[in-house]
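Residue strings, one per chain:
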Amino acid sequence: MIKLKPHEYAPVQWIELASLTKLGVDLTKLKGRDLIGNEIELVNAYDEELKVLILSFYAEWCTNCHYEATPLKKLYSSHKSNGLNMVMVMNYSTKEKSLSFVNKYGLDMPLALGELDEKNERKRNNTQFHQFRKKLGDERAWGTPFHIIIEKDKPEKVGIVMGELIGKEIKNYLANTILKK
């Protein structure tokens, strides 16, 4: 049973790509795995027709991920026809548990598996995702939920959310980007 805890809402932090490079962060190096086990580049989950890509990192045992699953599903369903793509990256759990989480909430966005399929702190410290988060100042132990927002027309900036999306903020952002174009 999932133990209830307070929400972990976080605002979008817009960061210049040049600043990320100075920190030693390269988004193109963030990797995941497809359901067969092949390595994939997460940022290249971009379709030419899409305007915004959101990479959402989750774990099936994460309470805040459970809180956010239904609003995330609604967000994706409402905006995918307008140019939004979301990729759910399931971390720190087996493929079976990750798929169970996705099926429980009917999440129909593209799915990738993270670098680690178990909740192991020692192994976590060596993952790209963990090192990426720490370079950005994320002080949370496991770092889920975590979102990266990439706008096709403004590739020089990325949005980082270290926690649950603030519904009104992300809806306003999408209204001012993909819906106005």
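Here, the structure is the one placed above.
Draft legend 1. Spatial organisation of the pattern of salt bridges. In the structure shown here, the tally under the stated rule is eight salt bridges. Between glutamate 8 and arginine 140 there is a salt bridge; the shortest N-O distance is 2.8 Å. Residue glutamate 8 is located in the segment before strand 1 (13-16), and its partner arginine 140 is located in the loop between helix 5 (128-135) and strand 7 (146-151); the two are separated by 132 residues in the primary sequence. Residue class for glutamate 8 comes out partly exposed when judged on its relative accessible area of 23%.

Draft legend 2. Expanded view of the environment of glutamate 156. Within the secondary structure, glutamate 156 sits in the loop between strand 7 and strand 8 (157-161). Taking C-alpha positions, glutamate 156 is 7.5 Å from alanine 18, a pair spaced 138 residues apart along the chain. Those residues within four positions of glutamate 156 in sequence are excluded, and the remaining contacts are Ile15, Glu16 and Leu17.

Draft legend 3. Representation of the nonpolar core. Among the nonpolar cores identified, the biggest contains 54 residues, and Leu27, Phe57, Phe101, Phe132, Phe146, Ile148 and Ile160 are the most heavily contacted of them. Apart from the residues within four sequence positions on either side, phenylalanine 101 is in contact with Tyr58, Glu60, Cys65, His66, Ala69, Met90 and Leu107.

Draft legend 4. A look at unusual backbone geometry. Residue proline 145 is reached from threonine 144 by a cis peptide bond, and omega for that bond is -5°. Along the polypeptide, proline 145 turns up in the loop between helix 5 and strand 7.

Draft legend 5. Quick peek at the packing of aromatic side chains. Under the criterion given, the structure shown has 10 aromatic pairs. Here the aromatic rings of phenylalanine 57 and phenylalanine 129 are separated by 4.3 Å at their centres, their planes lie at 15°, and the arrangement is stacked. Here phenylalanine 129 lies in helix 5 and phenylalanine 57 lies in strand 4 (residues 52-58), a separation of 72 residues in the sequence. When sorted by exposure, phenylalanine 57 lands in the same class as phenylalanine 129, which is buried.

Draft legend 6. Region of interest: the environment of leucine 30. Note on placement: leucine 30 falls in the loop between helix 1 (17-22) and strand 2 (31-33). Those residues in contact with leucine 30 that sit more than four places away from it in its chain are Ile40, Glu41, Leu42, Phe57, Gln128, Phe129, Phe132 and Ile148.

Draft legend 7. Just the pairing of strand 5 (residues 84-90), in detail. Strand 5 sits mainly inside the fold: seven of its seven residues count as buried. On strand 5, burial covers both faces: Leu84, Met86, Met88 and Met90 on one face and Asn85, Val87 and Val89 on the other are all buried. Between strand 4 and its parallel partner strand 5, the chain crosses via helix 2 (residues 63-79), and the hand of that crossover is right-handed. Bridge count between strand 5 and strand 6 (residues 111-113): three bridges; the pairing is parallel. Considered in strand 6, the bridge of methionine 88 is made with leucine 111.

How each quantity is defined
Residues numbered from 1 in each chain as written. Predicted model: local features only at pLDDT ≥ 70, side-chain atom pairs only at ≥ 80, totals over all residues. Heavy atoms only, no water. Salt bridge = Lys/Arg side-chain N within 4 Å of Asp/Glu carboxyl O. Helix = DSSP H or I, 4+ residues; strand = E, 2+ residues; numbered from the N terminus. Buried < 20%, exposed > 50% of the residue type's maximum accessible area, 1.4 Å probe, protein only. Contact = heavy atoms within 4.5 Å. Core = buried A, V, L, I, M, F, W, Y, C linked by side-chain atoms within 4.5 Å. Phe/Tyr/Trp six-rings, centres within 6.5 Å; stacked < 30°, edge-to-face > 60°. Right-handed = clockwise from strand over helix to strand, strands pointing away. Pairing = 2+ DSSP bridges.

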